[in-house]
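# Structural description and commentary
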Amino acid sequence: MAKDRFVYVIFIRTVPDTLWLALIEPEFTRRYWYGSVQQSEWKSNAAWRLVAEGRVTDSGTVLAIDPPRRLVLSWRNEFLPELKAEGYSRCAFELEKRGEAVKLTVTHEIDKESSKLIEAVSGGWPIILSSLKSLLETGKSLEETQHWPKAM
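Residues numbered from 1 in each chain as written. Predicted model: local features only at pLDDT ≥ 70, side-chain atom pairs only at ≥ 80, totals over all residues. Heavy atoms only, no water.

## Some words on the overall build of the protein
Scanning the protein from N- to C-terminus turns up 4 helices and 7 strands. Along the protein, from the amino end to the carboxyl end, the secondary structure elements read β-α-α-β-β-β-β-α-β-β-α. Reported as C-alpha extents along the three principal axes, the dimensions of the protein are approximately 40 × 35 × 30 Å. In the protein, buried positions account for 47% of the 152 residues. Partitioning the intrachain contacts of the protein with sequence separation of at least 6 by distance along the chain shows that 51% fall at a separation of at least 24. Within the structure as shown, the protein displays about 7,800 Å² of accessible surface, and the carbon and sulfur contribution to it stands at 51%. In the protein, the 21 positive side-chain charges and the 21 negative ones have mean positions that sit 1 Å from each other. (Helix = DSSP H or I, 4+ residues; strand = E, 2+ residues; numbered from the N terminus. Buried < 20%, exposed > 50% of the residue type's maximum accessible area, 1.4 Å probe, protein only. Contact = heavy atoms within 4.5 Å. Areas by Shrake-Rupley, 256 points an atom, 1.4 Å probe, with all protein chains shown as cover. Lys, Arg positive; Asp, Glu negative; His and termini not counted. Charge placed at Lys NZ, Arg CZ, Asp CG, Glu CD.)

## As for a nonpolar patch on the surface
On the surface, Val 7, Val 9 and Phe 11 cluster together to form a nonpolar patch covering roughly 240 Å² of accessible area. Following the sequence through the fold, Val 9 ends up in strand β1 (residues 4-12). (Patch = residues over 30% accessible without salt bridge, like charges linked within 9 Å, V, L, I, M, F, W, Y side chains within 5 Å. Salt bridge = Lys/Arg side-chain N within 4 Å of Asp/Glu carboxyl O.)

## Remarks on the side chain of Gln 38
You can see Gln 38 is positioned in strand β2 (residues 37-40). Here the side chain of Gln 38 touches Leu 23 through a polar contact of 2.4 Å, landing on its backbone oxygen. Residues contacting Gln 38, with those up to four places away along its chain left out, are Leu 23, Ile 24, Pro 26, Thr 29, Trp 33, Trp 48, Arg 49, Leu 50 and Leu 73. (Polar contact = N/O pair within 3.5 Å; in protein donor to acceptor, adjacent residues only side chain to side chain.)

## With respect to unusual backbone geometry
Note that the residue after Pro 67, namely Pro 68, is joined by a cis bond; omega there is -10°. Of note, Pro 68 is situated in the loop between β4 (55-66) and β5 (70-77). A positive phi angle is found at Tyr 34, which is not glycine, with a value near 55°. Mapping Tyr 34 onto the fold places it in the loop between α2 (26-32) and β2. For Tyr 34, a relative accessible area of 17% puts it in the buried group. Here Glu 53, not a glycine, exhibits a phi torsion of approximately 50°, which is positive. Assignment of secondary structure puts Glu 53 in the loop between β3 (47-52) and β4. Residue Glu 53 is classed as exposed on the basis of its relative accessible area, which comes to 61%.

## Things to note about the pairing of β2
Consecutive side chains of a regular strand alternate in pointing toward one face of the sheet and then the other. With 4 bridges connecting them, β2 and β3 associate as antiparallel partners. Each residue of the ladder has a partner; that of Gln 38, found in β3, is Leu 50. Remark: 6 residues form the turn of the hairpin made by β2 and β3, two consecutive strands paired antiparallel; Trp 42 in that turn has positive phi of roughly 55°. (Pairing = 2+ DSSP bridges.)

## What about the pattern of salt bridges?
Between side chains of opposite charge, pairing is possible as soon as their charged atoms come close. Applying the stated criterion across every chain, the model contains 10 salt bridges. Of the charged contacts in the structure, one is a salt bridge between Glu 78 and Arg 76, with a shortest N-O distance of 2.9 Å. A relative accessible area of 21% means that Arg 76 is categorised as partly exposed. Of the charged contacts, one joins Glu 137 and Lys 133 as a salt bridge, the two residues approaching to 2.9 Å between their closest N and O atoms. Here Glu 137 pairs with Lys 133, and both are found in helix α4 (residues 116-138), just 4 residues apart, close to one helical turn. Bridged by salt links that share partners, the residues Arg 5, Arg 90 and Glu 109 form one connected network.

Here you go:
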C-alpha cells in the first residue's frame, strides 16, 4: 500500500484512442508537457523515460499497458537530487469513456510518507493535464506548458 498518493481526475471531450496517443506520442506530449517527449517501446517491462531539452528528467519501466484503457509506469525523477533519492514511484493512467468525454484518472503514488516527489507532482499534474485537455478540445495547449521552465 502506498504511503503517499496524489490522484487527479479530469474529463476531456475526446475519444479514448485520441487521448491515448496524446499521452504517449512525442509530437503530442511536446505540445502540452513543457516541450518534453516520452520515449518507450510501450510494452510491458520496456524502459520508459521523459526527455526535455536533451536531458532525461524522469525514467522508469512500463509496468502495465492496455491501450487505450490503462498505462502504469514506475517513475523516478532524474534531475532533482532530493526527489531522485526517494526512488521509484508508480504512476497510473486510467481512461474511461463517458458519453462525449473520456474520464482520465492519474494516480501517482510512492511508498514513502510525506514524499517530496508527490508534493512536486501534485503541483505539476493539474497544469499538465489541463493543458492536455485544452489541446485536445481547442487545438491549443496552455502557454505556460509549451516550454520547459527556465528555473529548472
